[in-house]
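Single-letter residue listing:
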Amino acid sequence: METKTLESLQKSPLFAGMSSVEIEIALSGVNYQLVGYAPYDIYALAGMSCQNADIVVSGVLVCRMSSISGKLVEVSRLRAGNLIAPAFLFGKDKTLPVSVETEGEVSVLRMSLATFEKLLRDNWLLTENFIRILSNTNAFLTKRLRVLSLLTVREKVAWLLTEMAAEQGSTTITLNRSRQQIADSFGIQKFSLLRVLSAFQKEGAIRVAERQITILDRSKMR
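Structure report, in brief.

Calculation rules
Residues numbered from 1 in each chain as written. Predicted model: local features only at pLDDT ≥ 70, side-chain atom pairs only at ≥ 80, totals over all residues. Heavy atoms only, no water. Helix = DSSP H or I, 4+ residues; strand = E, 2+ residues; numbered from the N terminus. Contact = heavy atoms within 4.5 Å. Areas by Shrake-Rupley, 256 points an atom, 1.4 Å probe, with all protein chains shown as cover. Lys, Arg positive; Asp, Glu negative; His and termini not counted. Charge placed at Lys NZ, Arg CZ, Asp CG, Glu CD. 1 Å grid on protein atoms, 1.4 Å probe; cavity = no way out; pocket = protein on both sides within 12 Å on 5 of 7 lines; lining within 4 Å. Points joined across faces, edges and corners; volume = space filled by probe spheres on them. Nonpolar A, V, L, I, M, F, W, Y, C, P; charged D, E, K, R; others polar. Core = buried A, V, L, I, M, F, W, Y, C linked by side-chain atoms within 4.5 Å. Buried < 20%, exposed > 50% of the residue type's maximum accessible area, 1.4 Å probe, protein only. Pairing = 2+ DSSP bridges. Axes fitted to C-alpha atoms, helices over the stretch in contact; angles between N-to-C directions.

Below, the discussion takes up the overall build of the protein chain. From N to C terminus, the protein chain includes seven helices and eight strands. Considering only C-alpha atoms, the protein chain reaches an extent of 60 × 40 × 30 Å along its principal axes. A separation of at least 24 residues holds for 69% of the contacts in the protein chain among residues at least 6 apart in sequence. Of the accessible surface of the protein chain, which amounts to about 12,200 Å², a share of 53% is contributed by carbon and sulfur atoms. Distance between charge centroids for the protein chain: 9 Å, based on 27 positive and 21 negative side chains.

Written as structure tokens, this is what we have:
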């Protein structure tokens, strides 16, 4: 197995607690293939059935759901090590509710569902990790649903800044996405996002400098 592929699998929650040697041994008797996608290629459309167990090896996949009005809302981004659509692999209904598109070149490690099931059956640690992935996915989607459906635009932006600060371990946040992409991830207009950021800055809650935002006073973002 190529070093780059193995390094990506070591980042995967599916192989948590396993050394590179153990991962190679687990996959040694398994049929898999590496599949590449071009930039801005369609990985899957909403309504398609989940037919394979794929793990992202490189690149980013963007998952979007269409609202009743037809507006696309970004649900999540999948990076190296992420198992794609784990909750739909063994469900009675394998229909994907989201469309998935590549952002740049993407490579995935692909197994048939039957092969993936055998892999889990032969390794209890992988089974435990898969169950944990399903639990975390459920928790993530529950939180995401709350943010998208119950919070105001101001609360959504405040939540985003707080989450990013926690992820980056700093009150100074570096934006790795454009304002438009951030707005799309919440299903709001870019103008609404900019208006809230401007209001936060005027109120002394944050300081904005191009792609960096510094949180000055969290209490003023409420």
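Moving on from the model shown.
Another aspect to go through is the layout of surface pockets. In this structure, the largest pocket encloses a volume near 950 Å³. As for the largest pocket, its lining consists of 32 residues, of which Val-75, Ser-76, Thr-137, Phe-140 and Leu-141 are closest to the centre. Broken down by secondary-structure element, the contributors of at least two residues to the lining of the largest pocket are strand S3 (52-66), strand S4 (72-78) and helix H4 (124-150). Sort the elements by how many residues they give to the lining of the largest pocket and H4 lands first, with eight residues. Counted by class, the lining of the largest pocket contains 22 nonpolar, seven polar and three charged residues. Contributing to the lining of the second largest pocket are 18 residues, with Phe-140, Arg-144, Trp-159, Glu-167 and Arg-177 lying nearest its centre. No other element matches the six residues that helix H5 (residues 153-168) contributes to the lining of the second largest pocket.

This part takes up the nonpolar core. Counting 40 residues, the largest nonpolar core has Leu-14, Phe-15, Leu-61, Ile-84, Leu-89, Phe-116 and Leu-119 as its most contacted members. If one sorts the elements of this core by residue count, S3 sits on top with six residues. Excluding residues that lie within four positions of it along the chain, Phe-116 makes contacts with Leu-14, Ala-53, Leu-83, Leu-89, Phe-90, Met-111 and Phe-130. With 23 residues, the next largest nonpolar core counts Leu-151, Ala-165, Phe-186 and Leu-197 among its residues.

Now for the sheet that holds strand S7 (residues 206-209). The strands making up a sheet associate through hydrogen bonds between their backbones, and the pairing can be parallel or antiparallel. In spatial order, the strands read S6-S8-S7; together these three strands make up an open sheet with antiparallel pairing. Edge positions in the open sheet fall to strand S6 (172-174) and S7, since each of these has one partner strand only. In this sheet, adjacent strand axes meet at a mean angle of 20° when their direction is disregarded. As judged from the four bridges shared by S7 and strand S8 (residues 212-215), these two strands associate in the antiparallel manner. Residue pairing across strands places Ala-209 opposite Gln-212, the latter belonging to S8.

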